[in-house]
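# Chains, contacts and geometry: an overview
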Amino acid sequence: MVGSIEVNSLHSNGSFHNCNGLEEKLDELRGLLGKADGDPLRIVSVGAGAWGSVFAALLQDSYGSFRDKFQIRIWRRPGRAVDRATAEHLFEVINSREDVLRRLIRRCAYLKYVEARLGDRTLYADEILKDGFCLNMIDTPLCPLKVVTNLQEAVWDADIVVNGLPSTETREVFEEINKYWKERITVPIIISLAKGIEAALEPVPHIITPTRMINSATGLPIENILYLGGPNIASEIYNKEYANARICGAEKWRKPLAKFLRQPHFIVWDNSDLVTHEVMGGLKNVYAIGAGMVAALTNESATSKSVYFAHCTSEMIFITHLLAEEPEKLAGPLLADTYVTLLKGRNAWYGQMLAKGEISRDMGENIRGKGMIQGVSAVGAFYELLSQSSLSVLHPEENKPVAPAELCPILKTLYKILITREESSEAILQALRDETLNDPRERIEIAQTHSFYRPSLLGQPS
């Protein structure tokens, strides 16, 4: 009997995967980008946090075997030393995984990890990333990656740039990238993974999302800048736990990119509502910090956590209705993304550790082994924006104009805990005790009136 032969290839991390359909997807995207034979599709991930590193590794695992048609590299700043304790833990991880151990021995790279464990050598974050270890996610070995520490070398000829930077670094880095693109003929595509916002108060109070930061920094058309997010924990995705995500933006690129990125365990849908998804990406980190505090302070009380969930989701809906005339409902993947971040994200961990007294605000937002806690800056940005009197809405009970932040007690409390530091973590529990007896649904109903929408918040004319 004559049948088709199933083609398999070996992952660079030692596992097998089926190649059926991958080359066709790659060829289809290459065709849309006008790539000639012999000219590979070049993708660079800028920033090497957990999600940025995993995203690059997923693409390397899927398409890395097509070397004449596909190249991926990852940029991170050089010089970040790995401390002794982390090096010792990394050595334990290596020796617990036979496939990783054999790979390092085969690449003649094992000895440096032995020396680092003994304190005889200093390892660097970019060095271990080449071997498949992300400093923010030591327990999950990735495939080896091509790492570039010179930004110009990394991006000058890239067809697709993945923004894996924190939102607080996005503008600065893309302004530098723009200097290297002055002579470009083709227009690159940006896929932003960043979750966070900036607030600007002039000429009118408005919000700046990462895709708009990139648009402003590079002058690229907004249709070439997309946002990808979803209910996912980076390490779990790399370990092949089933996950969903959405790529949002202009139809021209979001549909072919969704098809290109889709894998059996990582389903990517597409959506036109860039605003809601990107703002929710920032908001969920804000409220995840509070969720961690509530969990720690109530000894993981399911009742307290559910009360918090009801209040925080009503505030999220309230805020998105200020920013978009017809925002997508907080349901499906958007709700799931919020849920997983409140459940197990780094921002929830940060809230827990603060409430337990195991870390302090004086340690800053960049925490060893976790990376940037993006929710802290987002708390400041959202509160400062929504506390502007020029954005006043009618208070439902007092029948007088108030700043929107006055109707968001959890956001207001997080601002006092994290930014002004006038309250301790315990204040979050008081924010849950609604003495006005207002059902959270009332906040949602206020938000859903069309007169509530403020187009100026996104820098658009009223």
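Residues numbered from 1 in each chain as written. Predicted model: local features only at pLDDT ≥ 70, side-chain atom pairs only at ≥ 80, totals over all residues. Heavy atoms only, no water.

## Focus: the overall build of the protein chain
So the rule is basically this: A helix here means a DSSP run of H or I that spans at least four residues, while a strand means a run of E at least two residues long, and both kinds are numbered starting from the N terminus. With C-alpha atoms as the basis for the radius of gyration, the globule rule is written as 2.2 Å multiplied by the number of residues raised to the power 0.38. Note on classification: 1.4 Å probe, protein chains only; a residue is buried when its accessible area is under 20% of the maximum for its type, exposed when over 50%, partly exposed between these limits. Throughout, a contact is declared for two residues whenever any of their heavy atoms are within 4.5 Å. Shrake-Rupley sampling with a 1.4 Å probe provides the accessible areas, and residues are treated as covered by the protein chains on show and by no other component.
Regarding its fold elements, the protein chain presents 19 helices and 18 strands. Taken against the 2.2 N^0.38 rule, which gives 23 Å for 462 residues, the C-alpha radius of gyration of the protein chain at 23 Å falls within 12% of a compact globule. Dimensions of the protein chain, computed from the C-alpha atoms along their principal axes, are close to 75 × 55 × 50 Å. Per-residue burial for the protein chain yields a buried fraction of 57% across its 462 residues. At a minimum sequence separation of 6, the contacts of the protein chain that also span at least 24 residues come to 70%. For the protein chain, the exposed surface amounts to about 20300 Å²; the carbon and sulfur share of it is 49%.

## Concerning the sheet that holds strand β3 (residues 41–46)
Rules: In this analysis, strands are considered paired if DSSP registers two or more bridges between them. Geometry is summarised by axes, namely lines fitted to C-alpha atoms with helices restricted to the contacting stretch, and by angles between N-to-C directions that run from 0 to 180 degrees.
One open sheet holds the eight strands; their spatial order is β7-β4-β3-β8-β9-β12-β13-β14, and the pairing between them is mixed. Strands at the two margins of the open sheet, each flanked by one partner only, are β7 (147–148) and β14 (266–271). On the sheet, helix α2 (residues 50–63) packs against β3, β4 (70–75), β8 (160–163), β12 (225–229) and β14 and is oriented at approximately 160 degrees with respect to β4. Contacts from helix α11 (residues 251–261) reach β3, β4, β8, β9 (189–192), β12, β13 (243–248) and β14 within the one sheet, and its direction differs from that of β14 by about 175 degrees.

## Notes on the packing of helix α3 (residues 84–96) against helix α4 (residues 98–106)
The condition is simple: Should an angle fall under 35 degrees it is called roughly parallel, over 145 degrees roughly antiparallel, and 65 to 115 degrees roughly perpendicular, with every other angle called oblique. Following the grouping adopted for this structure description, the nonpolar residues are Ala, Val, Leu, Ile, Met, Phe, Trp, Tyr, Cys and Pro, the charged ones are Asp, Glu, Lys and Arg, and the polar ones are all others, Gly among them.
Look at α3 against α4: their axes get within 5 Å of each other, and the N-to-C directions meet at 105 degrees. One way to sum up the angle between α3 and α4 is to call them roughly perpendicular. Across the interface between the two elements, I94, N95 and S96 from α3 touch E98, V100, L101 and L104 from α4. A class-by-class count of the residues in the contact of α3 with α4 yields four nonpolar, two polar and one charged.

## Some points on the pattern of salt bridges
Close approach of charged atoms allows side chains of opposite charge to pair. Quick note on the threshold: Put simply, a salt bridge is a Lys or Arg side-chain nitrogen that is within 4 Å of an Asp or Glu carboxyl oxygen.
Evaluated as defined, the whole model comprises 27 salt bridges. Between R102 and E98 there is a salt bridge, and its shortest N-O distance comes to 2.9 Å. Taken together, the residues R102 and E98, both in helix α4 and four residues apart, mark about one turn of the helix. Residue D362 is joined to R421 by a salt bridge in which the shortest nitrogen-to-oxygen separation is 2.7 Å. Taken together, the residues span a long stretch of sequence, with D362 in the loop between α15 (346–356) and β15 (366–367) and R421 in the loop between α17 (409–418) and α18 (427–432) at a distance of 59 residues. If you follow the salt bridges from partner to partner, you end up with K35, D39, R42, R73, D157 and D159 in one network.

## Focus: the environment of R77
Quick note on the threshold: Nitrogen and oxygen atoms within 3.5 Å of one another constitute a polar contact, given that in protein one can donate a hydrogen and the other can accept it, and given that sequence-neighbouring residues count only through two side-chain atoms.
If you trace the backbone, R77 turns up in the loop between β4 and β5 (81–82). Non-local contacts of R77, meaning those with residues more than four positions away in its chain, are made with E169 and V173. Within the structure, R77 has its side chain in polar contact with the side chain of E169 (distance 3.0 Å).

## Examining the confidence of the model for the protein chain
Keep this limit in mind: Along the chain, pLDDT gives the predictor's confidence residue by residue, from 0 to 100.
Here the protein chain shows a mean pLDDT of 88. Residues at 70 or above account for 91%. Taken as a whole, residues 1–18 scores under 50 in pLDDT and shows 33 contacts with residues more than four places along the chain or in a different chain.

## Observations regarding the nonpolar core
The cut-off we apply is this: Throughout, nonpolar core names a set of buried Ala, Val, Leu, Ile, Met, Phe, Trp, Tyr and Cys residues whose side chains join them through atoms within 4.5 Å.
Membership of the largest hydrophobic core comes to 58 residues, with the highest contact counts inside it found for Y287, Y308, I319 and F382. Looking at this core, the elements with two or more residues in it are α12 (274–297), α13 (302–323), α14 (332–344), α15, α16 (374–386), α17 and α18. Per-element accounting of this core gives the leading share, ten residues, to α12. Discounting chain neighbours no more than four positions away, the residues touching Y308 are Y287, G290, A291, V294, L342, I410, L414, I428 and L432. Ranked by size, the runner-up nonpolar core spans 46 residues in total, among them M137, V147, L228 and A234.

## Section: the pairing of β12
The element β12 is largely enclosed, with a buried count of five among its five residues. Burial along β12 is two-sided: I225, Y227 and G229 facing one way and L226 and L228 facing the other are all buried. With three bridges connecting them, β9 and β12 associate as parallel partners. Following the sheet pairing, I191 is matched in β12 by L226.

## Brief notes about the packing of aromatic side chains
For the record, the criterion: Ring pairs shown here join Phe, Tyr and Trp side chains whose ring centres sit within 6.5 Å, with only the six-membered ring taken for Trp; geometry is labelled stacked below 30 degrees between planes, edge-to-face above 60, and tilted in between.
One pass over the full model with this rule turns up seven aromatic pairs. Aromatic pair W51 and F55: ring centres 5.7 Å apart, planes at 80 degrees, arrangement edge-to-face. Taken together, the residues W51 and F55, both in helix α2 and four residues apart, mark about one turn of the helix. Both residues of the pair, W51 and F55, count as buried. Ring geometry for Y63 and F70: centres 5.6 Å apart, planes at 45 degrees, overall tilted.

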